[in-house]
Amino acid sequence: MKTLIARLGPDTVRVLALLLVLAAVVAFFASQIDNYFNARLFNRISTSVAIIAVIAVGQAFVVLTRNIDLSVGSIVGCVAYFLGGLVAAYPGIPAPLVPLIAMAFGMAFGLVNGFLVARFKLPSIIVTLATLAIFRSLLVEFSDGSSITTGSLPPWLVEFARIDAFEIGGLRFRWLVVIALAVVIVAHIFLTRFRAGRRFYAVGSNPDAAQFAGIDVAGTVMRAFLISGALSGLAAFLFLSRFGNITVVAGLGLELSAVGAVVVGGVNIFGGSGTVIGVLIGATLINLLDTSLVRWELVSEFWRDAVLGLLILLAVALNTLLTKRLLARPKTALPPPSTTPPPATNAAKDAP
C-alpha cells in the first residue's frame, strides 16, 4: 500500500482524498434528502460548476506563482457586458470567433494586472483588489445603468448553453460542461507535461532558485495573469450564454468562489504545488454543498451560508487529514540528514 502511494505522488493522493470527501458528502445528503441524486441535480451542478471551474483554473495558474487575482469577478462582468453589446450590434460575427474575442478582452484586463505585479513587483492582492473596483466602476460608467437583454442577443448564443453535447444514462453533458472539461484537461497536460508549465511550479516553489536556474520569473508571473484573464473572458462567454441578461453586477462574488475552489482543491495558497484536477473537484464540492443545502429542510435559509462555510471547513480538514494519513511513512523510510547544501527544487531543474 505504501509503495503504491509513493508511486502515485502527493498530488495524486490529494486528488484521491478529495474524491473520498466528495463521495462522503454525496452519501450524507443522499441519506438526508429523498430522491437526492438524480439527472436534474447532475445537470444543475455540472452547468454551474462549468463557469466556476474555468475561472478557477486561471486562478490556479496565478496562485501557483505565489500570487492571487481578486479581479476575476469584475473581468467576467465587464467582458460579458462588452461582448453582449458587441454581438448585439454585429449579430453577423461568426460564432467560433465570439469566444476568442471574449478571451482577447479578458487578456487585456489580465495584462493590466500582470504588468503592475510583474513589472513593478507590487503585491498582487493589493493590485487586483484595486482593479476589482476599477474594472467594476468602468462597467458602471460605460453601461450608464443599462443592461444587456436576452432579446438583443443572437438566438444561437442564447441556445448554446442549453444544447447537449451527448447523454449517458439520462445524464446530459452540455457544451458548457464539455468546454470546461477541455480547459481542465489541457491545463493539466500543460502544467504536468511541458517545461513551460513546470515553470509556474518552479516560480511558486522557490523564486530565487527559479531565477538562478534561468527562468524568467517576471515573465512567468505575467503569463499567469494573462491566462487568468483569458479564461475569465471565456467564462464570461459561458456566463453570457447561460444567463443572457447582463447587468452591472454580473459576475459579482465569483472571485470568492474561484479562490474557494482553488484552496479546497488543494492548491497551496503560498504557491508551488497543486493540480487543476483538484481545482475541478473543489469547485464541484463547493457547488454540491451549496445546492444540497437548498434542498435540506433541516437548515433554514437564514443559516444556510453559515452551514456552507462550516461544511467547507470540515471538508478541507477531512481532506487534509486523509492526505496526511495516506502520505504517512515510517520513520525508517526517511533519508538520513545531509550535510551538503540543498540543491534547487526539481521543478526548477526541469523547468528551463
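How each quantity is defined
- Residues numbered from 1 in each chain as written.
- Predicted model: local features only at pLDDT ≥ 70, side-chain atom pairs only at ≥ 80, totals over all residues.
- Heavy atoms only, no water.
- Phe/Tyr/Trp six-rings, centres within 6.5 Å; stacked < 30°, edge-to-face > 60°.
- Buried < 20%, exposed > 50% of the residue type's maximum accessible area, 1.4 Å probe, protein only.
- Pairing = 2+ DSSP bridges.
- Helix = DSSP H or I, 4+ residues; strand = E, 2+ residues; numbered from the N terminus.
- Contact = heavy atoms within 4.5 Å.
- Polar contact = N/O pair within 3.5 Å; in protein donor to acceptor, adjacent residues only side chain to side chain.
- Patch = residues over 30% accessible without salt bridge, like charges linked within 9 Å, V, L, I, M, F, W, Y side chains within 5 Å.
- Areas by Shrake-Rupley, 256 points an atom, 1.4 Å probe, with all protein chains shown as cover.
- Salt bridge = Lys/Arg side-chain N within 4 Å of Asp/Glu carboxyl O.
- Axes fitted to C-alpha atoms, helices over the stretch in contact; angles between N-to-C directions.
- Parallel < 35°, antiparallel > 145°, perpendicular 65-115°, else oblique.

Q: Just to check I follow, could you spell out the packing of aromatic side chains for this structure?
A: Each aromatic ring pair is summarised here by two numbers: the centre-to-centre distance and the angle between the ring planes. What the rule picks out here adds up to 14 aromatic pairs. Here the aromatic rings of Phe 166 and Phe 173 are separated by 4.7 Å at their centres, their planes lie at 15°, and the arrangement is stacked. You can call Phe 166 partly exposed: its relative accessible area is 39%. For Phe 173, a relative accessible area of 17% puts it in the buried group. Ring-pair connections join several aromatic residues into one group, and the members of that group are Phe 61, Phe 190, Phe 194 and Phe 200.

Q: How should the pairing of strand β1 (residues 164-168) be read in this particular structure?
A: Where a strand is regular, its side chains alternate between the two sheet faces. As defined by bridge partners, β1 adjoins strand β2 (residues 171-174) across 4 bridges and the pair is classed as antiparallel. By the bridge assignment, Asp 164 is partnered in β2 with Arg 174.

Q: Looking at this model, I keep getting lost on the side chain of Asn 43. Mind explaining?
A: Its place among the elements puts Asn 43 in helix α3 (residues 39-64). When sequence neighbours within four positions are dropped, the list of residues in contact with Asn 43 reads Leu 171 and Arg 172.

Q: I tried to follow the side chain of Thr 128 on my own but got confused; where do I start?
A: Locating Thr 128 in the fold gives a position in helix α6 (residues 124-143). In this structure Thr 128 comes out as buried when scored by relative accessible area, which is 0%. A polar contact of 3.1 Å, which involves the side chain of Thr 128, links it to the backbone nitrogen of Leu 70. Among residues more than four places away in sequence, those in contact with Thr 128 are Ile 68, Asp 69, Leu 70, Ser 71, Asn 113 and Phe 225.

Q: Please explain a nonpolar patch on the surface as it appears in this structure.
A: Where nonpolar side chains cluster on the molecular surface, the patch consists of Leu 181, Ile 185, Ile 189 and Phe 194 and spans about 360 Å² of accessible area. By the element assignment, Leu 181 lies in helix α8 (residues 175-193).

Q: Explain unusual backbone geometry to me, please; I cannot follow it from the model alone.
A: Apart from glycine, the bulk of residues carry a negative phi angle, and the bulk of peptide bonds sit in the trans form. We note that Arg 66 has phi near 70°; this positive angle belongs to a residue other than glycine. Mapping Arg 66 onto the fold places it in the loop between α3 and α4 (72-89). Positive phi is not limited to glycine here, since Lys 121 has a value of about 55°. Of note, Lys 121 is situated in the loop between α5 (97-120) and α6. On the basis of relative accessible area, Lys 121 is assigned to the exposed category, the value being 69%.

Q: Just to check I follow, could you spell out the packing of α3 against helix α11 (residues 217-243) for this structure?
A: How two helices sit against one another is set out by the angle between their axes and by the gap between those axes. Orientation of α3 relative to α11, taken along the N-to-C sense of each, is 170°, at an axis distance of 7 Å. Taken together, the axes of α3 and α11 lie roughly antiparallel to each other. Contacts between α3 and α11 involve Thr 47, Ser 48, Ala 50, Ile 51, Val 54, Ile 55, Val 57, Gly 58, Gln 59, Phe 61 and Val 62 from the first element and Ala 224, Phe 225, Ile 227, Ser 228, Leu 231, Ser 232, Leu 234, Ala 235, Leu 238, Phe 239, Arg 242 and Phe 243 from the second.

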